[in-house]
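Understanding the architecture of this molecule
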Amino acid sequence: MSVVRMSSEPQSPREPVSGGAMDKVVERRGISNRLKAGIAAGALAIAGIGFYAYAPSGNSQTVAADRVTVSTVQRGTFDDFLPLRARVTPLLTIYLDSVEGGRVEEKLVEDGATVEKGQLLAVLSNPELQLSVLARQTDVSRELNSMRSQELALAQTRMSDERNLLEAKLALEKAERQYRREAPLAKRGFIPAKQFADTEDELQYQRERHEVLRRTQATDERLQSSQLAQLRKSSASMSTSLDVARLNLESLKLRAPVSGQLSGFDIQVGQSMNRGERIGQIDSPGANKLIAGVDEFYLGRVAVGQKATIDQGGKTYQLKVTKIYPQVRNGQFEVDLQFQGPQPDGLQRGQTLQAKLTLGDPTPALLIPNGSFYNDTGGAWVFVVTDDGKEAVKRNVRLGRRNADFIEVLDGLQPGEKVLTSPYTGFADKDRLDLQQK
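Here's what I pulled together on the structure shown here. Computed from a predicted model, the values in this text were never measured in an experiment.

The subject of this paragraph is the nonpolar core. It is characteristic of soluble globular proteins that their nonpolar side chains tend to be buried jointly. Ranked by internal contacts, the top residues of the largest apolar core, which has 24 residues, are Ile368 and Leu413. A total of 5 residues in this core trace back to one element, the largest contributor, which is strand β19 (residues 381–385). Non-local contacts of Ile368, meaning those with residues more than four positions away in its chain, are made with Val73, Phe373, Leu399, Asp405, Phe406, Ile407, Val409, Leu413 and Val419. Core analysis: the second largest hydrophobic core is formed by 23 residues, Leu290, Tyr317, Val321 and Val335 among them.

Strand order in the open sheet formed by 4 strands is β5-β12-β10-β7, and the pairing between neighbours is antiparallel. Either end of the sheet is taken by a strand with one partner, and the two such strands are β5 (93–97) and β7 (114–115). Summarising the sheet, β5 and strand β12 (residues 278–283) pair through 5 bridges and their orientation is antiparallel. Along β12, the bridge assignment pairs Ile94 with Ile282.

A few words on the pattern of salt bridges. Counting across every chain of the model gives 18 salt bridges. One salt bridge connects Asp283 with Arg349, and the closest N-O pair in it is separated by 3.0 Å. Pair noted here: Asp283 is in strand β12 and Arg349 is in the loop between β16 (332–339) and β17 (352–358), with a separation of 66 residues, a long-range link. The structure contains a network of salt bridges with shared partners spanning Asp80, Arg301, Arg401 and Glu408.

Here the focus is the pairing of strand β6 (residues 102–107). As paired elements, β6 and strand β11 (residues 272–273) share 2 bridges and run antiparallel to each other. Residue pairing in the sheet places Gly102 in a bridge with Met273 of β11. Across 4 bridges, β6 lies against strand β8 (residues 120–125) in antiparallel orientation. Within β8, the position partnered with Arg103 by the bridge is Ser125.

The next point concerns the environment of Ser146. Topologically, Ser146 is positioned in helix α2 (residues 127–188). Each C-alpha atom, one on Ser146 and one on Ser235, is 9.8 Å from the other, the two residues being 89 residues apart in sequence.

Following the criterion strictly, the structure yields 9 aromatic pairs and no others. Taking 6.5 Å as the distance between ring centres and 75° as the angle between the ring planes, the aromatic pair formed by Phe373 and Tyr374 counts as edge-to-face. On the basis of relative accessible area, Tyr374 is assigned to the buried category, the value being 10%. Aromatic ring contacts, followed pair by pair, group Phe373, Tyr374, Trp381, Phe383, Tyr424 and Phe427 into a single cluster. Across from the ring centre of Trp381, 4.3 Å away, lies the NZ or CZ of Lys394, which sits over that ring. Looking at Arg402, its charged tip hangs above the ring of Phe297, at a distance of 5.4 Å from the centre.

Rules of the game
Residues numbered from 1 in each chain as written. Predicted model: local features only at pLDDT ≥ 70, side-chain atom pairs only at ≥ 80, totals over all residues. Heavy atoms only, no water. Core = buried A, V, L, I, M, F, W, Y, C linked by side-chain atoms within 4.5 Å. Buried < 20%, exposed > 50% of the residue type's maximum accessible area, 1.4 Å probe, protein only. Helix = DSSP H or I, 4+ residues; strand = E, 2+ residues; numbered from the N terminus. Contact = heavy atoms within 4.5 Å. Pairing = 2+ DSSP bridges. Salt bridge = Lys/Arg side-chain N within 4 Å of Asp/Glu carboxyl O. Phe/Tyr/Trp six-rings, centres within 6.5 Å; stacked < 30°, edge-to-face > 60°. Lys NZ or Arg CZ within 6 Å of the ring centre and 35° of its normal.

Structure follows, in structure tokens:
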């Protein structure tokens, strides 16, 4: 009988025999995902930097340096004036219109002539007007004669009333004398009572008659005075109407209302003129003014009374703004400039002169030369040249007043900085300019 023994230790599996029982197995590990992402992002950043460094940018442009004007910001005195182109216009112009229409029968002066006040210029004919005036004159004369007849009748009535009153007064005085003579005799019985009673009745009658005639004369005088005043007023009105009718007829003779130079007088004999038609004008001789167009930008800064000057023939002449026309046409409004004192000799109507309008007193300011860039930016920004002169960078600024030479800098620039003052046409939408030197 055989006995089998069980061991309590587990049996290890059989392993192959090697010569290095002390070696260890090492696991292989790859690059982590986080590190890979960082490397990729860095590579993209470097590529982007290189692209923007060497590739042309869409917000910049290369410009030849000799194509632009570079100006320096500097301190100085700002003269607040505005250059103007002004044309010579007569100070006073009187327009000639045809008061009544008609046919030109005579033309006595030519266009451009110098005429005197009251001088006959032309004669018109208008048969209908002439007949109308004659008929009107006849009617007025008839009415005036009728009114004069009424005035004569009223005057005769007044004289009759005065005569009747005088007669009544005389009769009253006689009755009073008769009464005074008979009264003492009647008391003594020398005059019959009936006779004295008749004398008393006659006195009373004459007194009442005189009083009635006096009141009648006063009433008639009041009514006649009122009627006469109305008749005289109507008579004066009719006379005025007749004078107007005669003036209408006289207006067919065209006369110069003032002395001066006649212009625009191009009527011809036989030509028909309508009522109110413009036939010419007379300009005041030797007295002129200037009319100048001003940019609408200065509408709020130009005021009546501001001074202006012009240089003509080596002399400076003073003017003043006398009128402002606020209507804006084609971006401009107009002003009248009147000479203060003597004016240049030989000025001709329509002649153009250069004037300088003073808007304010000279003041210290930071200045840049005026240039066409202002039209492209409106004074809101400029291109500022870098210190090395290779680039010009867009910068927001605040500009103020400007004249023909300089623009006042309020903010955004420092003395000594350089800016581009030439037109920004073609690159106004860029932020940076590369100035290419030859």
